[in-house]
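# Secondary and tertiary structure notes
The lines below spell out each chain.
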Amino acid sequence: MIMYDKKDYDKSNKITSVKLSKFKSDNYLSVLNAKNSSERYEASVKLLDYLCDKFKIERISFSLLDKPRKCNSRSQIYGFYVVGRNQIKIYNKTAKTLKMIAPKTYMETLLHEFIHHYDMKVIKLTTSLHTGGFYKRITDLNDKLKN
């Protein structure tokens, strides 16, 4: 059984957007257009540093795991946020074909893991939960970065 603080859950669920509305998209596009693992890593670090600077939060450590993602019958894990270490790790290859994960899926994963960091540092949650508000914050950030 997963334990969580109801106050965190309610607070997370109520917040549906990120605090800023203006972003430059060149870092975003660089991640999407990366041709290889090295380009994807560099572009991801620049985007994460940019986001942390924009939100005035401590920068996050990033690892691009150039190996297949973990896969089981219940879920597909593309990446994870390490609480307390301010660290994101993302698998860069698919489990079966060993090809780079599709750019859109990769970006969704990167922003998903960043929002965990945002929740802890900006919203000040004690745990970042997968609430409706959490997913709306990801969509809001993605939409703002695209434009």
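Residues numbered from 1 in each chain as written. Predicted model: local features only at pLDDT ≥ 70, side-chain atom pairs only at ≥ 80, totals over all residues. Heavy atoms only, no water.

## Describing unusual backbone geometry
Counted only if it meets this: Numbering of helices and strands runs from the N terminus, with a helix taken as a DSSP run of H or I at least four residues long and a strand as a DSSP run of E at least two residues long. Relative accessibility under 20% of the residue-type maximum defines a buried residue, over 50% an exposed one, and the middle range a partly exposed one, all with a 1.4 Å probe and only protein chains included.
Notably, K56 is not glycine yet its phi reads approximately 55°, a positive angle. You can see K56 is positioned in the loop between α3 (37-55) and β1 (61-68). You can call K56 exposed: its relative accessible area is 74%. Of note, N86 is a non-glycine position whose phi angle comes to about 50°, a positive value. By relative accessible area, N86 is classed as buried at 10%.

## Thoughts on the nonpolar core
The cut-off we apply is this: We call a set of buried residues a nonpolar core when its members are Ala, Val, Leu, Ile, Met, Phe, Trp, Tyr or Cys and they connect through side-chain atoms within 4.5 Å of each other. Residue contacts are counted whenever heavy atoms from the two residues lie within 4.5 Å of one another.
Formed by 34 residues in total, the largest nonpolar core has its most connected members in L51, F55, L110, F114 and L141. Residue assignment for this core shows that the elements contributing at least two residues are α2 (26-32), α3, β1, β5 (87-93), α4 (103-123) and α5 (132-146). Here this core gets 10 residues from one element, more than from any other, and that element is α4. When near neighbours in sequence (up to four residues on either side) are disregarded, L110 contacts V31, S44, L47, L48, F62, I88 and I90.

## So, the side chain of S37
As for its placement among the helices and strands, S37 is situated in helix α3. The exposure class of S37 is buried, given its relative accessible area of 18%. Those residues in contact with S37, other than ones at most four positions away along the chain, are L64, D66, N92 and M100.

## Points about the packing of aromatic side chains
For the record, the criterion: The pairing test for Phe, Tyr and Trp rings, Trp by its six-membered ring, is centres within 6.5 Å, and the orientation test on the planes gives stacked under 30 degrees, edge-to-face over 60, and tilted for anything in between. Geometrically, a lysine NZ or arginine CZ counts as sitting over a ring once it is within 6 Å of the ring centre and also within 35 degrees of the ring normal.
Within this structure, the stated rule accounts for seven aromatic pairs. With centroids separated by 6.4 Å and ring planes inclined at 65°, the aromatic side chains of F23 and Y50 adopt a geometry described as edge-to-face. Taken as a pair, F23 in the loop between α1 (6-14) and α2 and Y50 in helix α3 lie far apart in primary sequence, 27 residues in all. Take F23 and Y50: they sit in the same class, and that class is buried. Cluster of aromatic residues (ring-pair linked, three or more members): F23, Y50, F55, F114 and Y118. The ring of Y106 carries the charged tip of R40 above its face, separated from the ring centre by 4.1 Å. The ring of F23 carries the charged tip of K54 above its face, separated from the ring centre by 6.0 Å.

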